[in-house]
Amino acid sequence: MAAGIYVGSTAGYSGKNMVIMGLGLRLQKDGYNVGYMKPVGAMPQERGGVLGDEDAFFVQDVLGLDEPSNLVTPVLVTQDFKVRAFSGQCEEYMPGIVDAYRQLASRHDVMVVAGSGSMYSGRYCNVDGIRVVKELGLKAIIIDRLHKELNYDYLVVLKDTLGDNLAGVVLNDIPANFMNEVEGLIKPFLERNGVRVVGVIPKDPLMGAIKVGDLAERLGGKVISAQNKSDKVVENFLIGTMQVENFMTHFRKNKNSAVIVGGDRSDVQLVALEGNCPCLVLTGNLYPNDIILTRSEVLNIPIVVVRDDTYTVAKKMEVILSRHKLRDVIKIRQGAQLVSSSIDFAYVKEAAGL
């Protein structure tokens, strides 16, 4: 039977796919025949007349796998599924998951099994990560992504719950100014409580970046100029509601930031364009004047016009940049590199029995 590694997280959008792909590609490079499974899929997608999970299709493509969807994702959370589960008509899904796992594991050296949401997601129908790990006898690696703070209590409780099934944790998206605290305080605290830290992945602006065209679509806006440059990448955003002098100070420090500004603030718009921002996002459904439009075309900087007010757009941008999917080749390469250089592979292989 193949060795099995489960990759879960303390919350959704923590970097599971990045770690799974990084892990899978590295193990393939080391000569292992790697299999993949996502027992519970929360993003149903049809491909070639077959229903599966969007992330599962994508990860299989990256790892060069083509296993049947009903084995890779035996449980798909559709609207029908939820209605049945919440009205007490939950089937026992675990035997199907165990059977699918055994079939896949029989033809691979190592299985990488993906969690969905947090470790407790799916508890309402007994297919949560805790149960999957225990039933399949897997070694779990749990990702905790820094969002304001780390979930160190949650990680210690997971150790109590999973015991020896917890191989370790990965702390993800750690900014440079927080590294000392992680290495000097949080990592020693976790390890004193029996939680092995198998990797600390630094924050990388590229991993949260999004193309201008995708951003316009997600904001419900449209690109009105320099459309041929819609593949420019946005890593962050700035709000241009302040006086021009103050704005310039902030802008110099945040070069790869889209500038969100009212459609009537041509002073700030011009400064942002001349400063070579990746794109302008004009709010309130107000179109810029001809001077701004001409400069945008000359400088090849797209302008996106959206209906919402500046505050609403800023809140949406925050969510988009923290949850944007890892779909670009450049991001996959970068993510795999980050995982490869940040995770203790010798320990992971030993813990999994490889």
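You'll find the structure just up there.
Residues numbered from 1 in each chain as written. Predicted model: local features only at pLDDT ≥ 70, side-chain atom pairs only at ≥ 80, totals over all residues. Heavy atoms only, no water.

Engineer: Requested: an account of the overall build of the chain, with residues and values cited.
Structural biologist: Each helix and strand counted, the chain has 15 helices and 17 strands in total. On C-alpha atoms alone, the chain measures out to a radius of gyration of 23 Å, which is about the 20 Å that the 2.2 N^0.38 rule sets for 354 residues. Taking the principal axes of its C-alpha atoms as reference, the chain extends roughly 65 × 50 × 40 Å. Here the chain holds 354 residues, and 51% of them are scored as buried. For the chain, the share of sequence-separated contacts (at least 6 apart) that also reach a separation of at least 24 residues comes to 69%. (Helix = DSSP H or I, 4+ residues; strand = E, 2+ residues; numbered from the N terminus. Rg over C-alpha atoms; globule rule 2.2 N^0.38 Å. Buried < 20%, exposed > 50% of the residue type's maximum accessible area, 1.4 Å probe, protein only. Contact = heavy atoms within 4.5 Å.)

Engineer: Now, about the packing of helix α6 (residues 129–136) against helix α7 (residues 152–162): what can you tell me, with residues and values included?
Structural biologist: A pair of packed helices can be characterised by two numbers: the angle between their axes and the separation between those axes. For the pair α6 and α7, the least separation of the axes is 11 Å and the interaxial angle reads 35°. When you trace α6 past α7, the crossing you get is right-handed. Contacts between α6 and α7 pair Ile-130, Val-133 and Lys-134 from the former with Leu-158, Thr-161 and Leu-162 from the latter. (Axes fitted to C-alpha atoms, helices over the stretch in contact; angles between N-to-C directions. Left-handed = near helix turned anticlockwise from the far one by under 90°.)

Engineer: Hey, could you go over the nonpolar core for me, with residue numbers and the actual values?
Structural biologist: Buried together is how nonpolar side chains tend to be arranged in soluble globular proteins. Core analysis: the biggest nonpolar cluster contains 46 residues, and Leu-171 and Leu-190 have the highest contact counts within it. No other element matches helix α5 (residues 94–105), which puts 7 residues into this core. When neighbours within four sequence positions are excluded, Leu-190 is seen to be in contact with Tyr-152, Leu-155, Val-156, Val-169, Leu-171, Val-195 and Val-197. Met-18, Met-207, Ile-332 and Val-348 belong to the second-largest nonpolar core, a separate cluster that totals 35 residues. (Core = buried A, V, L, I, M, F, W, Y, C linked by side-chain atoms within 4.5 Å.)

Engineer: Any details on helix α15 (residues 345–352)? Residues and values, ideally.
Structural biologist: Because each turn of an α-helix spans 3.6 residues, side chains separated by three or four positions in sequence point in the same direction. Residues of α15 that are buried: Phe-345, Tyr-347, Val-348, Lys-349 and Ala-352. If you follow the buried residues of α15, they end up packed against β1 (3–9), α1 (16–29), β8 (139–145), β9 (166–174), β10 (197–202) and α14 (329–342). Gly-353 lies just past α15 and shows a positive phi near 85°.

Engineer: Can you lay out the packing of aromatic side chains for me, pointing to particular residues and giving the numbers?
Structural biologist: In this structure the tally under the stated criterion is 5 aromatic pairs. Between the aromatic rings of Phe-81 and Tyr-124, the centroid separation amounts to 6.5 Å while the plane-to-plane angle is 80°, which identifies the pairing as edge-to-face. Highlighted residues: Phe-81 in helix α4 (residues 79–86) and Tyr-124 in the loop between β7 (110–114) and α6, separated in sequence by 43 residues. Connected via pairs of aromatic rings, a cluster forms that spans Phe-81, Phe-86, Tyr-93 and Tyr-124. In this arrangement the basic side chain of Arg-26 is found over the ring face of Phe-345, its NZ or CZ atom lying 4.3 Å from the centre. (Phe/Tyr/Trp six-rings, centres within 6.5 Å; stacked < 30°, edge-to-face > 60°. Lys NZ or Arg CZ within 6 Å of the ring centre and 35° of its normal.)

Engineer: Can you tell me about the sheet that holds strand β14 (residues 236–239), naming the residues and giving the values?
Structural biologist: If you walk across this open sheet you meet the 5 strands as β12-β17-β16-β15-β14, and the pairing is mixed. Of all strands in the sheet, those with a lone pairing partner are β12 (222–225) and β14, marking the two edges. The average undirected angle you get between the axes of adjacent strands in this sheet is 30°. Here 4 bridges tie strand β15 (residues 257–262) to strand β16 (residues 280–283), and the two strands are oriented parallel to one another. Pairing of Ile-260 across the sheet is with Val-281, part of β16. Across the sheet, helix α12 (residues 290–299) touches β12, β16 and β17 (303–305), and the angle it forms with β12 is around 90°. (Pairing = 2+ DSSP bridges.)

Engineer: Run through the pattern of salt bridges, naming residues and quoting values.
Structural biologist: Summed over the entire model, instances satisfying the criterion amount to 16 salt bridges. With its nearest N and O atoms 3.4 Å apart, the salt bridge here joins Glu-92 to Arg-131. Remark: Arg-131 occurs in helix α6 and Glu-92 occurs in the loop between α4 and α5; sequence separation between them is 39 residues. Given a relative accessible area of 24%, Arg-131 falls into the partly exposed group. A salt bridge links Glu-274 to Arg-295; the nearest nitrogen and oxygen atoms lie 2.8 Å apart. Of the two residues, Glu-274 is situated in helix α11 (residues 266–274) and Arg-295 in helix α12; the sequence distance between them amounts to 21 residues. (Salt bridge = Lys/Arg side-chain N within 4 Å of Asp/Glu carboxyl O.)

Engineer: Report on the sheet that holds β10, specifying residues and quantitative values.
Structural biologist: Ordered in space as β2-β7-β1-β8-β9-β10, the 6 strands form an open sheet in which the pairing is parallel. One side of each edge strand has no neighbouring strand; the edge strands of this open sheet are β2 (34–37) and β10. Sheet twist, expressed as the average angle between the axes of neighbouring strands with direction ignored, equals 20°. Where β1 and β7 come together, 5 bridges link them in parallel fashion. Among the inter-strand pairings, Ile-5 is bridged to a residue of β7, identified as Val-112. Strand contacts of helix α8 (residues 179–192): β9 and β10, with the helix running at about 160° to β10, the strand carrying the most contacts.

Engineer: Report on the packing of α1 against α15, specifying residues and quantitative values.
Structural biologist: Put simply, α1 and α15 touch, their axes get as near as 12 Å, and they point 85° apart. Taken together, the axes of α1 and α15 lie roughly perpendicular to each other. For the pair α1 and α15, the contacting residues are Gly-22, Leu-23, Arg-26 and Leu-27 in the first and Phe-345, Val-348 and Lys-349 in the second. Here the residues of the contact of α1 with α15 are counted per class, giving 4 nonpolar, 1 polar and 2 charged. (Parallel < 35°, antiparallel > 145°, perpendicular 65-115°, else oblique. Nonpolar A, V, L, I, M, F, W, Y, C, P; charged D, E, K, R; others polar.)

Everything listed here is a matter of geometry and, on its own, says nothing about what the molecule does.
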